[in-house]
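Listed below are the residues making up each chain.
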Amino acid sequence: MKLEVDIKKSFDDFILEANFVVEDDVFAILGASGSGKTMTLKCIAGVEKPDEGRIVLGDRVLFDSKKKIDVPARKRNIGFLFQDYALFPNMTVRENITCTAKEPSMTDEIIERFDLGSVKDLYPAQLSGGQSQRTAMARMLMTKPELIMFDEPFSALDNYLKFRIEREIYSVIDEFSGPVIMVSHDRNEVYKMADNIGVMDNGSLTDIQKKEEFFDHPKSVVATRLTGCKNVSRIENVSDDIYNATDWGIKIRIPDSLIEGVNITNVGFRAHYFKLVDGNDDVDVFKCSLERIIEDTFSVMVCFRQSGNQSDSPDSLLTWVVSKPKWDEIKDEIFSGKTNEEKSFYLKVDTGKLIVLDR
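Computed from a prediction, not measured in an experiment: that's the story for all the values here.

Draft legend 1. Representation of the overall build of the protein. When helices and strands are counted, the protein shows 11 helices and 21 strands. For the protein, the C-alpha atoms occupy an extent of roughly 75 × 50 × 35 Å along the three principal directions. Taken over 359 residues, the protein has a buried fraction of 48%. Expressed as a percentage of contacts within the protein between residues at least 6 apart in sequence, the contacts between residues at least 24 apart total 64%. A total of about 17,900 Å² of accessible surface is found on the protein, and carbon and sulfur atoms cover 45% of it. Taking the average place of the 47 positive charges on the side chains of the protein and the average place of its 61 negative ones, the gap between the two points comes to 3 Å.

In structure tokens:
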């Protein structure tokens, strides 16, 4: 089963444009809140109507602005797990599941599968977040959909419940033979579940890539930040292979192999790739002025800037992420002797691991 989407819809503050194909795999739309992710799903589901374009599922045209085709949402046969679950408040769990079921005789089986037996006679207001989500998933599957769409499926769940629901969604995806779309702002969620990923930025869906390629070689600054890269700078060529990272305030040497065919405008560097070194080599090395230390559960984030960098760019503040065991080994090298007095230390950029960007 193939889904083909090519739509456009105008709003006051931006224009939504989405052009992509999903064929029996999981496609994720990654983007910030308000970027147009959910609206894209609503257009596919028939909840919202695009201004122009075409949506085709299998051999059925669901929407075609030129041919005046707009199949009602109830006839599109699409399973849509809304972010707020959209359960009917005046119906019990059982009634919510059976109200749109194509095979009501399967109700007891799916209630058991989603562990809803103890709450089947309760109303949505009496359910926990996990119970509500499992009810919504059970109802969605009872419609025998040809396409499944998840809208921020874990946004309202605590870590333990998220882990449990993730396993349920994995199971649903594994058993489902059609295309699946999920939208999220969480890179870890999409990495776990998606085969292909696209970036939604201010209404435009771009940078569609295979998952591994998307994270290893993002195509834009927006995509780079969404993959979790914490350090990004504008860049200018100084001479030959030497470039000035203007936001960071240092010069770096970029191998020709990295920039071949790229009209480089920005670079990114992942926070865990920095290497602590003894002294300043001018190129590729930061003399770091420490700003703050932030301890996470299993790691330490060292926030710093190039010593003497007067840039007011938010990108002038950089992040180095170190595991706690590693931090215990090296922290005395940073907070001792002269470096302690100056609150400075030296970090080297492995330029072979730079992310080079042309937009």
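Draft legend 2. Region of interest: the sheet that holds strand β18 (residues 299-306). The antiparallel open sheet is built from 5 strands, whose spatial order is β16-β20-β17-β18-β19. Because the sheet does not close on itself, it has two edges, and the strands there are β16 (275-277) and β19 (318-323). The sheet shows a mean angle of 50° between the axes of neighbouring strands, taken without regard to direction. Here helix α10 (residues 324-334) sits on the sheet in contact with β16, β17 (285-295), β18, β19 and β20 (344-348), set at roughly 120° to β19.

Draft legend 3. View of a negative patch on the surface. Together, D6, E17, D51 and E52 make up a negatively charged patch on the protein surface. Residue position: D6 is located in strand β1 (residues 2-10).

Draft legend 4. Summary view of helix α4 (residues 129-142). For α4, with 14 residues, the first-to-last C-alpha span of 20 Å sits near the 20 Å given by 1.5 Å per residue. Across the 14 residues of α4, 13 count as buried, placing the element largely inside the fold. Looking one or two places after α4, you find K144, whose phi comes out positive at around 50°.

Draft legend 5. Molecular detail of the packing of aromatic side chains. Under the counting rule described, the total for this entry stands at 13 aromatic pairs. For the ring pair F274 and F304, a centre distance of 5.6 Å and an interplane angle of 80° mean the geometry is edge-to-face. Highlighted residues: F274 in the loop between β15 (266-269) and β16 and F304 in strand β18, separated in sequence by 30 residues. Side by side, F274 and F304 carry an identical accessibility label, which is buried. Put simply, the rings of W248, F269, Y273, F274, F286, F304, W320 and F345 touch in pairs and so form one group of aromatic residues. K211 extends its terminal NZ or CZ atom over the ring of Y191, reaching a point 4.8 Å from the ring centre. The ring of Y273 carries K353 above its face, with NZ or CZ at 4.5 Å from the centroid.

Draft legend 6. Broad picture of the environment of N231. Counting through the fold element by element, N231 comes out in strand β12 (residues 231-239). Setting aside residues up to four positions removed in sequence, N231 forms contacts with W248, V267, G268, F269, R270, A271, F274, L318 and T319. Here the side chain of N231 touches T319 through a polar contact of 2.8 Å, landing on its backbone nitrogen.

Draft legend 7. Main features of the environment of A101. In this fold, A101 is placed in the loop between α2 (93-98) and α3 (107-113). Taking the C-alpha atoms as reference points, A101 and M140, 39 residues apart in sequence, are found 8.6 Å from one another.

Draft legend 8. Main features of the pattern of salt bridges. Scanning all chains against the criterion turns up 16 salt bridges. D70 is the partner of R76 in a salt bridge, and the nearest nitrogen-oxygen pair spans 2.8 Å. Overall, R76 belongs to the buried group, its relative accessible area being 0%. Here D70 falls in the partly exposed class, since its relative accessible area comes to 36%. For D108, the salt bridge goes to R94, with nearest N and O atoms at 2.4 Å.

Cut-off values and rules
- Residues numbered from 1 in each chain as written.
- Predicted model: local features only at pLDDT ≥ 70, side-chain atom pairs only at ≥ 80, totals over all residues.
- Heavy atoms only, no water.
- Helix = DSSP H or I, 4+ residues; strand = E, 2+ residues; numbered from the N terminus.
- Buried < 20%, exposed > 50% of the residue type's maximum accessible area, 1.4 Å probe, protein only.
- Contact = heavy atoms within 4.5 Å.
- Areas by Shrake-Rupley, 256 points an atom, 1.4 Å probe, with all protein chains shown as cover.
- Lys, Arg positive; Asp, Glu negative; His and termini not counted.
- Charge placed at Lys NZ, Arg CZ, Asp CG, Glu CD.
- Pairing = 2+ DSSP bridges.
- Axes fitted to C-alpha atoms, helices over the stretch in contact; angles between N-to-C directions.
- Patch = residues over 30% accessible without salt bridge, like charges linked within 9 Å, V, L, I, M, F, W, Y side chains within 5 Å.
- Salt bridge = Lys/Arg side-chain N within 4 Å of Asp/Glu carboxyl O.
- Expected span 1.5 Å × (residues − 1).
- Phe/Tyr/Trp six-rings, centres within 6.5 Å; stacked < 30°, edge-to-face > 60°.
- Lys NZ or Arg CZ within 6 Å of the ring centre and 35° of its normal.
- Polar contact = N/O pair within 3.5 Å; in protein donor to acceptor, adjacent residues only side chain to side chain.

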